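# Fold and geometry: a report
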Amino acid sequence: MSYYSPLSLITGLPGTRRKVVLFAYMLSQGGTDRVTALLARGYADAGFDVELLVLCRGGTAQSLLSDMIGPLVSVRYISQRSTWRTIDLVRLFPALVRALRTAAPDVLISTANNTAWVCTYARKIAQVETAKLVLKTTNPVIGSRHRGPIRKLRRWGYGKAFSHASAIWTLSGAETRLLEVGYPQAARRIRTVINPYVTDAMLSPDADTSTTTSPLVLGIGRLTRQKRFDLLISAFALVRREDARLLIFGDGPDRKRLEQLVTALGLTDRVTLPGYVPDVAEWLKRADLFVLPSRYEGLPAVALEAMAANCPVLSTDCFAAARSLLGSATGCGIIDKADPAYLAQMIDNRLDSKKPTTLRAIAQGHSVAAGIADHVRALCELWDDGRTCRPDG
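Sequence positions are assigned chain by chain, starting from 1 and proceeding in written order. Local features are withheld for residues below a pLDDT of 70 in this predicted model, meaning they are given only at 70 or higher, and side-chain atom pairs are given and counted only at 80 or more; totals for whole chains, interfaces and linings count all residues. To obtain the side-chain values, all non-hydrogen atoms of the structure were used and water was disregarded.

## Considering the packing of aromatic side chains
- Stacked, tilted and edge-to-face are the three classes assigned to paired rings of Phe, Tyr and Trp, where Trp is represented by its six-membered ring and a pair needs centres within 6.5 Å; plane angles under 30 degrees give stacked, over 60 edge-to-face, the rest tilted. As enumerated under the stated definition, the model contains five aromatic pairs in all.
- With a centroid separation of 5.3 Å and an interplanar angle of 55°, the aromatic rings of tryptophan 117 and tyrosine 158 are classed as tilted. You can see tryptophan 117 sitting in helix 5 (residues 116-125) and its partner tyrosine 158 sitting in helix 6 (residues 148-164), a full 41 residues away along the chain.
- For tyrosine 158, a relative accessible area of 4% puts it in the buried group.
- Arranged with centres 5.0 Å apart and planes meeting at 80°, the rings of phenylalanine 162 and tyrosine 183 form a pair that is edge-to-face. With phenylalanine 162 in helix 6 and tyrosine 183 in the loop between helix 7 (173-182) and strand 7 (190-192), the pair connects residues that are 21 residues apart, well separated along the chain. Here phenylalanine 162 matches tyrosine 183 in class, with each residue buried. What counts as a helix is a DSSP run of H or I of at least four residues, what counts as a strand is a run of E of at least two, and both are numbered from the N terminus. Note on classification: 1.4 Å probe, protein chains only; a residue is buried when its accessible area is under 20% of the maximum for its type, exposed when over 50%, partly exposed between these limits.

## Examining the sheet that holds strand 1 (residues 19-24)
- When DSSP finds two or more bridges between a pair of strands, those strands are recorded as paired. Spatial strand order, 3-2-1-4-5-6-7: seven strands in an open sheet with parallel pairing. Across the chains shown, the open sheet's two edge strands, defined by having one partner strand only, are strand 3 (74-79) and strand 7. Averaged over all pairs of adjacent strands, the angle between strand axes in this sheet comes to 20°, irrespective of strand direction.
- Two strands pair when backbone bridges link them, and strand 1 and strand 4 (residues 107-110) are joined in this way by four bridges, in the parallel orientation. Bridge pairing in strand 4 places valine 21 opposite leucine 108.
- Its contacts with the sheet put helix 5 on strand 1, strand 4 and strand 5 (132-136), and the angle it makes with strand 5 is roughly 170°.
- When checking whether two residues touch, look at their non-hydrogen atoms; a contact exists if any pair is within 4.5 Å. Here the axes come from fitting lines to C-alpha atoms, over the contacting stretch only for helices, and the angles between their N-to-C directions go from 0 to 180 degrees. Its contacts with the sheet place helix 7 against strand 6 (167-170) and strand 7, and it is angled at close to 170° to strand 7.

## Brief notes about helix 13 (residues 340-351)
- Here, expected helix span is obtained from the residue count minus one, scaled by 1.5 Å. Look at helix 13: 16 Å from first C-alpha to last across twelve residues, which is about the 16 Å you get at 1.5 Å a residue.
- Leu343, Ala344, Met346, Ile347, Asp348, Arg350 and Leu351 are the residues of helix 13 that are buried.
- Lining the buried residues of helix 13 we find strand 8 (216-220), helix 8 (229-236), strand 11 (289-292), strand 12 (313-316) and strand 13 (333-335).

## Examining the pairing of strand 6
- In strand 6, alternate side chains face the same way, and those of Ala167 and Trp169 on one face and Ile168 and Thr170 on the other are all buried.
- For strand 6 and strand 7, the ladder comprises three bridges, and the chain directions are parallel. The residue of strand 7 that forms the bridge with tryptophan 169 is arginine 191.

## A closer look at the side chain of serine 28
- By secondary structure assignment, the location of serine 28 is in the loop between strand 1 and helix 1 (31-45).
- Non-local contacts of serine 28, meaning those with residues more than four positions away in its chain, are made with Asp33, Gly59, Thr60, Ala61 and Leu65.

## Examining the nonpolar core
- If you look at the biggest cluster of nonpolar residues, it comprises 73 residues, and the most contacted ones within it are Tyr43 and Phe290.
- When neighbours within four sequence positions are excluded, phenylalanine 290 is seen to be in contact with Leu218, Gly219, Ile220, Leu284, Val302, Ala303, Ala306, Cys311, Pro312, Val313 and Leu314. Side-chain atoms within 4.5 Å link the members of a nonpolar core, which is a set of buried Ala, Val, Leu, Ile, Met, Phe, Trp, Tyr and Cys residues.

## So, the confidence of the model for the protein chain
- Per residue, pLDDT measures the predictor's confidence, with a range of 0 to 100. Here the protein chain averages 91 in pLDDT, and 92% of its residues register 70 or above.
- Taken together, the stretch residues 1-14 has pLDDT below 50 and engages in 35 contacts with residues farther than four places along the chain or on a different chain.

## Examining the sheet that holds strand 11
- One open sheet accounts for six strands, arranged 10-9-8-11-12-13; its pairing is parallel. Among the strands making up the open sheet, the edge pair consists of strand 10 (271-275) and strand 13. Across the sheet, the mean angle separating the axes of adjacent strands is 25° when strand polarity is ignored.
- Sheet topology note: the strand 9 (residues 245-249)/strand 10 ladder contains three bridges and is parallel. Across the sheet, leucine 246 pairs through a bridge with valine 271, a residue of strand 10.
- Helix 8 contacts strand 8, strand 9, strand 10 and strand 11 of the sheet and is inclined by roughly 170° relative to strand 9.
- With respect to the sheet, helix 11 (residues 301-308) is in contact with strand 8, strand 11 and strand 12, its orientation differing from that of strand 11 by roughly 170°.

So, in structure tokens, the structure goes:
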């Protein structure tokens, strides 16, 4: 199956196809890794010679994403094991340099914030600087959690990386504007690119919930401090609807702590942590509400996936486009205070209201087809000002 139909892209005389190399740390359960797999597949379907360099084998979703990538993409794992991400990025840097020399890319795409710096300097040391460097930002490069010397180091470090990049691709117009103000010297190379999030299956008709009587609330994401599921669980203990259930899909280092909190609050009959589930589309269609209590995000795929299912979203102001995406969307809202009682009231108010039917139209703008097409256009702009785009160079 092709996610993007090349049509006019394959034009001109045949020749050596342009080589696109995408670099990722690991194929894990996060939305960024799923987007990486879709982009690799989409660029290959569009006629480019695509290689996916993965620093470490063993990601949670490696098997699933490998199937998604398909046979046209060459996937190379630099290491067969992982330790801790920062350590891996340092210890495997020489191997990455060698891999880039072998790959000889025409364009190198860093697929996440956590690979931007290593991609920038590996490209330089590998002496493949003729390759155009694209940096995708997937989280705020500088946020409220970054203070003192760390904040200064990140501002300086991303400024250096951006100065080497041919393009910086952001997830939303709001993020683009923030980066343009923070890094005016790179402003002309910053571009918003639609991420491929929403599949045809997610946009299919809703499941039949006519016999469902108990309200269902979902949380989805890695069980880490960033996602702040302790706030959601604490709020659920105060929710007025005692028949409501909360499911939190995902796995991670905070599982034991969160399970202990569920037990301590007497919620074992109402709150369940089923673990990582590869496809949550049907659950979102059945749900009455999705809650995103994160401290920070880029543009969370799961929020758009929920909207594709006409499932209303309550989210903290944790990503640049939160208010523009959710502020005027029927049934959705911003959690302005990280307070369990405040969030519980928001959940009760939402569960007392009718489920909206208009959110799917918003999510369609981030369909897989639209996202791949926009990424192909963005890649084309690196050559010939985007007037022509020939994978054969």
